[in-house]
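Below, each chain spelled out in residue letters.
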Amino acid sequence: MTHKLSDGGQVLHVGMLARVEGEGGMHIEIHNNVVKSVKLNIFEPPRFYEAFLRGRKYTEPPDITARICGICPVAYQTASCEAIEQICGVETTPAIQAMRRLLYCGEWIESHSLHIFMLHAPDFLGFDSVIEMAADYGEVVEMALRLKKSGNDLMTLVGGRAIHPVNVKVGGFYRMPTKAQMLALRPALARGVEEAFETIKLVATFDFPEMEQPYEYVALHHPDYYAIERGTVVSTSGAGFPVREFPEHVNEFHVEHSNALHATFDGGMYMVGPLARYSLNFSQLSERCKAAAIAAGLGETCRNPFKSIIVRAVELAYAFEEAVRIIDEWKDGAAPSVPVTPKAGEGFGASEAPRGTIFHRYVLDADGVIQDAQIVPPTSQNQPAIEADLRKAAQSWVDLDDHDLTHRCEHAIRNYDPCISCATHFLDLRVDRS
Amino acid sequence: MIREVASGTEPLVVGLGSPDRGDDGVGPTVASAIADLGLSGVRVAVHEDPTDLVHLWGRAELAVVIDAVMSGRAAGELVLCEVGWGQGPLPESCWAKTGRGGTHAFGLAAAVELSRALGHLPRRVVLVGVEAASFDHGAPLSPAVQSAVEAAVAEVRAVLAEAPVGSDA
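Note that this is a predicted model, so its numbers are computed, not measured.

A. Summary view of the sheet that holds strand E8 (residues 232-235) of chain A. Residue and element names in this part refer to chain A. In spatial order, the strands read E9-E8-E7-E12; together these 4 strands make up an open sheet with mixed pairing. In this open sheet, the two edge strands, each paired with only one partner strand, are strand E9 (240-241) and strand E12 (270-271). Of the strand pairs in this sheet, strand E7 (residues 216-221) and E8 are connected by 4 bridges, and their pairing is antiparallel. Bridging across to E8, leucine 220 finds its partner in valine 233. This element, helix H9 (residues 274-281), spans E7, E8 and E12 of the sheet and lies at about 70° to E7.

As structure tokens, this is what we get:
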């Protein structure tokens, strides 16, 4: 909806920004073709969950926090388990870690295939939605649904549910799937590997706006593999520290125009997510993934937020490869969990949600009752970077008409696959011109 | 006990929703009741993710989907809608927000239209919506919705009775 202001300016109002999850709004002010202000207004539910967690038992965070998000519940479960287990002095077994990684692969497959094809590809191909896209790209959408289904099936087998897993507990799992059950999924996963590599080739053919951003990248790093379910924190400025030091580097603060806390890393703007992971851990991808990424035109570092769709495709292929590897190496008979006895203390956990690093901190008393909880989700951390991208994008294309400019701005937001809210709400986009 | 058999032309009944999120569990509850009837040649399934429907339809000629809705009606009120061949799209204000919620969640309305675009939509799709009161985590069905289960089951049975069960028609 477009209308004129009494001072001669112009207001463009988009009532619903689709293909982004969240609650809030965005306001862009343009005066004399100069972008003066960009504000992303968000109402973020995790703060509510933090209060909700206080007074609950130490065994409850995996189930409670999984409900924060329908598309990245494993990220919450894994980080909360890590934190609680750290307090209780428990180290899980390699088999439990492998199963956590397999479950996490299911989440990455679900989330990345959804975002690449259903939410992001329509931006590049000139469609308003994947439904419109299906008319011209039916085979591609069929492939997308197959890929996503593989993720759903993996989540269902390992997690007990496709959306909010119920098989995760502090210390491990309630039960382990059998090798035979996992092998039943293997053919679809093996096909998924090949189709994910086809996806990389496909998205590499899209037209990408020329835009590079110099943000500090922050991600987890593990010495043995591409970090997903655990690791230490690293950054492009050379920082490297255990997760327990996360609060010393990341400062959350309130801004007037958003209910979600913004964050700085060592005092500056930063980005978490696929671009950060890829750029910081490129050498740990499989040889095939590395080769496909280079062939797709990515360097070992990617600074163009619009190319995040290629990076997600690379990570999609990697997640499929990892799922197959874990299944092939799996041996039945491992204990599903280790016993966890509550202790008083403070613990820290982090994992790589599909859209970036998520951090959890808990304080328990001697009875295992939660005294304090802190959750720092990736989209919250990325808010300043999203606003900076929007400012740059809006200024770069300020001469476009409102319709096209709005589309570019929406596209710039979707580069981040933002998971602003887990409730049923939409982002309201508004551009004011004068 | 829910059973899923190989996808064929037999009628399909799908309970959509999460069984432990308040009234979102009404779809699975009704589907379980239908499964317990042991109707011959009827495929019954429970799913949380509406995108699963695109593949789940299989070659079914008739599908009945039970889901919680929020449309401003009284809790427990039934809303029936047909979206098969020749029918218009679902009103997204009602159906797209059901189930998981959120725009990341591919809503039922989007799943139906994507199925239509891909040529997967069954000839006849009947949606049985049950107006929900609450989606609280871990909560059971609200009293109003619980009391509507029997009527919803009857609606599903009535729809199934209209078609020759297990036929290729």
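So that's the structure; there's more coming.
B. Layout of the confidence of the model for chain B. Residues and elements named next belong to chain B. Taken as a whole, chain B shows an average pLDDT of 83; of its residues, 83% reach a score of 70 or greater. A low-confidence stretch, residues 97-103 (pLDDT under 50), is modelled with 33 contacts involving residues beyond four sequence positions or located in other chains. Of the regions scoring below 50 in pLDDT, residues 165-169 engages in 12 contacts with residues more than four places distant in sequence or in other chains. This complex was scored by the predictor with a pTM of 0.89 and an ipTM of 0.81.

C. Summary view of the packing of helix H4 (residues 94-125) of chain A against helix H11 (residues 308-329) of chain A. All names here are of chain A. Two elements in contact, H4 and H11, have axes whose closest approach is 9 Å; the angle formed by their N-to-C orientations is 150°. For H4 against H11, the interelement crossing comes out left-handed. On the side of H4, the interface is formed by Ala98, Arg101, Leu102, Cys105, Trp108, Ile109, His112, Ser113, His115, Ile116 and His120, while H11 contributes Ile309, Arg312, Ala313, Glu315, Leu316, Ala319, Phe320, Glu322, Ala323 and Ile326. Residue composition of the contact of H4 with H11, grouped by class: 13 nonpolar, 4 polar and 4 charged.

D. Spotlight on the nonpolar core. If you look at the biggest cluster of nonpolar residues, it comprises 177 residues, and the most contacted ones within it are Ala313(A), Val314(A), Ala317(A), Val14(B) and Ile66(B). Residues from two domains meet in this core; each of domain 1 (2-42 + 394-433) and domain 2 (46-381) of chain A gives at least three. Beyond its immediate stretch of four places on either side in the chain, Ile66(B) contacts Gly15(B), Leu16(B), Val26(B), Gly27(B), Val30(B), Ala31(B), Val128(B), Ala152(B) and Val156(B).

E. View of the domain arrangement of chain A. Residues and elements named next belong to chain A. Domain boundaries in chain A define domain 1 (2-42 + 394-433) and domain 2 (46-381). Contacts between the two partners involve 16 residues from domain 1 and, on the opposite side, 21 residues from domain 2. Mapped by element, the contributors of at least two residues to the side of domain 1 that touches domain 2 are strand E4 (34-42) and helix H13 (402-414). Here the side of domain 1 that touches domain 2 takes 4 residues from E4, the largest share from any one element. A breakdown of the residues in the side of domain 1 that touches domain 2 according to their chemical character gives 9 nonpolar, 3 polar and 4 charged.

Conventions used here
- Residues numbered from 1 in each chain as written.
- Chains lettered and ligands numbered in written order.
- Predicted model: local features only at pLDDT ≥ 70, side-chain atom pairs only at ≥ 80, totals over all residues.
- Pairing = 2+ DSSP bridges.
- Helix = DSSP H or I, 4+ residues; strand = E, 2+ residues; numbered from the N terminus.
- Contact = placed C-beta atoms within 7 Å.
- Axes fitted to C-alpha atoms, helices over the stretch in contact; angles between N-to-C directions.
- pLDDT = per-residue confidence, 0-100.
- Left-handed = near helix turned anticlockwise from the far one by under 90°.
- Nonpolar A, V, L, I, M, F, W, Y, C, P; charged D, E, K, R; others polar.
- Core = buried A, V, L, I, M, F, W, Y, C linked by C-beta atoms within 7 Å.
- Buried ≥ 20, exposed ≤ 12 C-beta atoms within 10 Å, placed from the backbone.
- Domains from an automatic or database assignment.

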